[in-house]
Amino acid sequence: MSTRKIIHIDMDCFYAAIEMRDDPSLRGQPVAVGGQPGRRGVLCTCNYEARKYGLHSAMPSGVAVRQCPNLQLLPVNMFKYREASEQIGDIFAEYTDAIEWISLDEAYLDVTESDKCNGSATWMAEEIRAAIWSRLTLTASAGIAPNKMLAKIASDLNKPNGQFVVLPEEIADFIVNLPVKKIMGVGKVTNKKLEAMGVVTCGDLQAWDLPALQESFGKMGGRLHRCCRGEDESAVRSERVRKSVSVEITYPKSLMSVSACVNEMPHLKERLLKRMNPVDQSIAKQFIKLTFDDFSKTSVEALSTLLSDDLYAQLLKIGFKRSDKPVRLVGIGVRLAIDTAEDNGQMALLGE
Amino acid sequence: MTNPIHLTRDCLLGPLQKVIGVVEKKQTMPILSNVQMTIEDNSVSFIGTDSEVELMGEALFISQTPVETIRLTLPGRKLVDICRALPDNAAIELYQEKESVVLRSGKSRFTLSTLPAEDFPTIERESADVEFTLSQTALKSLLQQTQAFMAQQDVRYYLNGLLLTTIDNTLIAAATDGHRLAKAWIDNAPTSEDIHIIIPRKGVMELLRLLSDSDESVTIRVGKNHIAISSPHFSFLSKLIDGRFPDYSRVIPKKTDISLALDRDQLKEALQRVMILCSEKHKAIRFEFSKGMLTITANNPQLESAEESIPIDYDLENMNIGFNIKYLLDTLQTIPSGPMTLSLNGPDQSVLFESSTDNETGVRSLFVIMPMRL
């Protein structure tokens, strides 16, 4: 396998950061998001102030409140987090299609094929984090490495709001002092076993040959043998469920009026239909985006289950009116319905 | 089993087919893929179980020679397949040979493995708190009209079954998957005792296979943890789901602003045509009510569309409601041919479907579907 460029993006205290963004009075205070203590709730996440009190995710809320009596414990607002996550996904999509989500706040991007930033994954990670800050006022940390394992380890090193690069030629030096427990899948039990063998760092582990590791750890042995050398071939598996499809055109000469934009519709729609052809999901919304000649951007969307020309024309009118300037880019697209009962529009009969 | 037993293929196949549905191919306990066969003077019976639901089917047979009581277990699926593959009324001879059971018919000979009958795990019987009789047709109709609305493998485990309850001298069966609800009931409940039990989905489906459209009654016994139903030809025993069924009565619209008369067949056929252009995943369709007309439209991701119009007696504001077409068709499948009514308040409230004709079994029913957002 030729050298790949993988970025691991990890949002900083995602749920808590969103809550602090939306309610500035929370800033500077210990904040956690999670279930209520009385109902055996646990923390989903907490901010750095709360971590000073020893709080961490998956901790029972009751324990957390005892340990940190002035904790601002907020209920989980999954809708809000999902929305933010989708916006972050839109940013990723500007760089690559190969996006593997681990959770709402964590994803791997394979940018090997991307020609953005002259192909520099380090610069792409900088740009992505900057875009997340400017569009969502949230911070992210990134790890950039030739594989997923190293990228994930790297994203943790300059957290929060930082990034760390492991270049291919630096792998050997990077890995040798890394504690083995940083390897994904090395939990308490394996770590104890390794400690008993006198293995603390990946360098220690490299001294053990493959048959010996397989003997002690079975299948995991092979993985340990590769991981302690910084090898990980696993591919970035992009999600099959698409959330939107869109096309855009940047015009060499700016479009001067709404009607000029509307006139571009047939051409854009033809391209959109081509891209939608393999998609077997239903349409949830139609949207347009415009970039004006001063590079200001706007987008407008509306609920729709059909691909309606009239609706696109209407949306273009609304978007154009916001700036009333010459237009350099017109994009049209659809948001797709995700087929789960809660998202496909089916309403619940019983109160949940 | 010392002497060979002589039976016919059909007297084995009848009771076997009644119980085989519960016998799963992949079992954790090997004996659960077996059925227990009991032969007495003039009857042969089989028991199949998955340790949640236990079924017994029985048939009579006339033996020329006196028969000792025999009890043994045989691989259920294989025995059914052998009997099915033999010609009608073929004569069958069964006898034990070492550790196996031999089944012979004409020029065919099968040697089957057997496991000790005393190891067969029958569900422990408990005393019944309530006992009553009901006609098979009525019970079947109660289940048939509600079964499609049970949830499947829902985390809300109490929805993966059917509620059987008595309220104000009516016997009610109800099922809901959280999106739609079916309720069927008989006035003049056959018991004055209070019942409130949830029969698991699998039990309901197997019971439906056992019940026939005969006037013959079945005896129903309800205990703390089980329900037992028996007739001269079969018996059924199922564990109950221990949980609280939601208060379904509050989702049934009591007062509705709009009530429309429709013909069930006309609506069903229109939906079946519209369904052609729904994709496997995308089941949302649109009901558009306008003056004098109901227009039903479906779209798919390929941007094809289907439209059906049905004249209706409606003269209010135009209104659009989205539905999952599968839920509609399941409902119309259950409602008999003839006039029906559709009652509703608006596009974001539950919609009531009722037949306007009485079911000949005396079982009445109603169906509620929650719309989809458009």
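For the structure, see preceding data.
Bear in mind the structure is a predicted one, so any value in this text is a computation, not a measurement.

Q: Quick rundown of the pairing of strand β23 (residues 351-355) of chain B? Include the residues and the values.
A: Two faces belong to every sheet, and in a regular strand the side chains alternate between them. Residues and elements named next belong to chain B. Sheet analysis places strand β22 (residues 339-344) next to β23, joined by 4 bridges and oriented antiparallel. Within the sheet, the bridge partner assigned to T341 lies in β23 and is E354. Where β22 hands over to β23, the hairpin turn is made up of 6 residues, counted between the paired strands.

Q: Tell me what's going on with the nonpolar core, and back it up with residues and numbers.
A: If you look at soluble globular proteins, the nonpolar side chains tend to sit buried side by side. Ranked by internal contacts, the top residues of the largest apolar core, which has 103 residues, are I285 and F287 of chain B. In this structure, L74, Y95, A107 and V111 of chain A belong to the second largest nonpolar core, which totals 35 residues.

Q: Account for helix α6 (residues 148-155) of chain A, with residues named and values stated.
A: Most of α6 of chain A is tucked away: 7 of the 8 residues are buried. Capping of α6 of chain A at its N-terminal end is provided by N147 of chain A; its side-chain oxygen lies 3.2 Å from the backbone amide nitrogen of M149 of chain A.

Q: Residue-level account of the packing of helix α1 (residues 9-19) of chain B against helix α2 (residues 76-85) of chain B, with values.
A: Residue and element names in this part refer to chain B. Remark: α1 packs on α2, axes separated minimally by 10 Å, with the N-to-C direction vectors making an angle of 135°. The angle between α1 and α2 places the two elements in the oblique class. In this structure, the crossing between α1 and α2 has a hand that is left-handed. The segment α1 lies against α2, with R9, L12, L13, L16 and Q17 engaging L79, V80, C83 and R84. Broken down by class, the residue content of the contact of α1 with α2 amounts to 6 nonpolar, 1 polar and 2 charged.

Q: Account for a negative patch on the surface, naming residues and giving values.
A: Residues E124, E126, D129, E193 and D194 of chain B make up a contiguous surface patch of negative charge. You can see E126 of chain B is positioned in the loop between β8 (108-113) and β9 (130-135).

Q: So what's going on with the interface of chain B and chain A? Residues and values would help.
A: Facing 29 residues of chain B, the contacting portion of chain A comprises 23 residues. Taken over both partners, the interface formed by chain B and chain A buries close to 2200 Å², and the fraction arising from carbon and sulfur atoms is 59%. The largest share of the area that chain B buries against chain A comes from K281, L303 and R373 of chain B, three residues that together contribute 25% of it. One can count 0 salt bridges joining chain B with chain A.

Q: Please give an account of the layout of surface pockets that cites residues and values.
A: All names here are of chain A. Of the pockets and cavities examined, the second largest pocket occupies roughly 340 Å³. In terms of lining residues, the second largest pocket is bounded by 18 residues, among which C44, T45, R51, S57 and D105 are the most central. Elements with a minimum of two residues in the lining of the second largest pocket: β1 (6-11), α1 (14-22), β3 (43-46) and α2 (48-51). Split into classes, the residues belonging to the lining of the second largest pocket amount to 7 nonpolar, 4 polar and 7 charged. A domain-level breakdown of the lining of the second largest pocket finds at least three residues from each of domain 1 (6-12 + 80-168) and domain 2 (14-78).

Q: Tell me what's going on with the packing of aromatic side chains, and back it up with residues and numbers.
A: This model, assessed by the stated rule, comprises 12 aromatic pairs over all chains. Grouped by ring-pair contacts, the aromatic residues F287, F289, Y314, F323 and F353 of chain B constitute a single cluster. Here R335 of chain A stacks its cationic end above the ring of F287 of chain A, 4.1 Å away from the centre of that ring. Between the NZ or CZ atom of R180 of chain B and the centre of the ring of F149 of chain B, over which it lies, the distance is 5.1 Å.

Q: Lay out the packing of helix α5 (residues 264-275) of chain B against helix α6 (residues 325-334) of chain B with the relevant residues and their values.
A: In a packed pair of helices, the relevant descriptors are the angle between the two axes and the axis-to-axis distance. Residue and element names in this part refer to chain B. Where α5 meets α6, the axes come as close as 10 Å, and the angle between the chain directions of the two elements is 145°. In this structure, α5 crosses over α6, and the sense of that crossing is left-handed. Residues R264, L267, K268, L271, Q272, V274 and M275 of α5 pack against I325, L328, L329, L332 and Q333 of α6. Partitioning the contact of α5 with α6 into residue classes produces 8 nonpolar, 2 polar and 2 charged.

Cut-off values and rules
- Residues numbered from 1 in each chain as written.
- Chains lettered and ligands numbered in written order.
- Predicted model: local features only at pLDDT ≥ 70, side-chain atom pairs only at ≥ 80, totals over all residues.
- Heavy atoms only, no water.
- Pairing = 2+ DSSP bridges.
- Helix = DSSP H or I, 4+ residues; strand = E, 2+ residues; numbered from the N terminus.
- Core = buried A, V, L, I, M, F, W, Y, C linked by side-chain atoms within 4.5 Å.
- Buried < 20%, exposed > 50% of the residue type's maximum accessible area, 1.4 Å probe, protein only.
- Polar contact = N/O pair within 3.5 Å; in protein donor to acceptor, adjacent residues only side chain to side chain.
- Axes fitted to C-alpha atoms, helices over the stretch in contact; angles between N-to-C directions.
- Parallel < 35°, antiparallel > 145°, perpendicular 65-115°, else oblique.
- Left-handed = near helix turned anticlockwise from the far one by under 90°.
- Contact = heavy atoms within 4.5 Å.
- Nonpolar A, V, L, I, M, F, W, Y, C, P; charged D, E, K, R; others polar.
- Patch = residues over 30% accessible without salt bridge, like charges linked within 9 Å, V, L, I, M, F, W, Y side chains within 5 Å.
- Areas by Shrake-Rupley, 256 points an atom, 1.4 Å probe, with all protein chains shown as cover.
- Salt bridge = Lys/Arg side-chain N within 4 Å of Asp/Glu carboxyl O.
- Lys, Arg positive; Asp, Glu negative; His and termini not counted.
- Charge placed at Lys NZ, Arg CZ, Asp CG, Glu CD.
- Buried area = accessible area lost by both parts, 1.4 Å probe.
- 1 Å grid on protein atoms, 1.4 Å probe; cavity = no way out; pocket = protein on both sides within 12 Å on 5 of 7 lines; lining within 4 Å.
- Points joined across faces, edges and corners; volume = space filled by probe spheres on them.
- Domains from an automatic or database assignment.
- Phe/Tyr/Trp six-rings, centres within 6.5 Å; stacked < 30°, edge-to-face > 60°.
- Lys NZ or Arg CZ within 6 Å of the ring centre and 35° of its normal.

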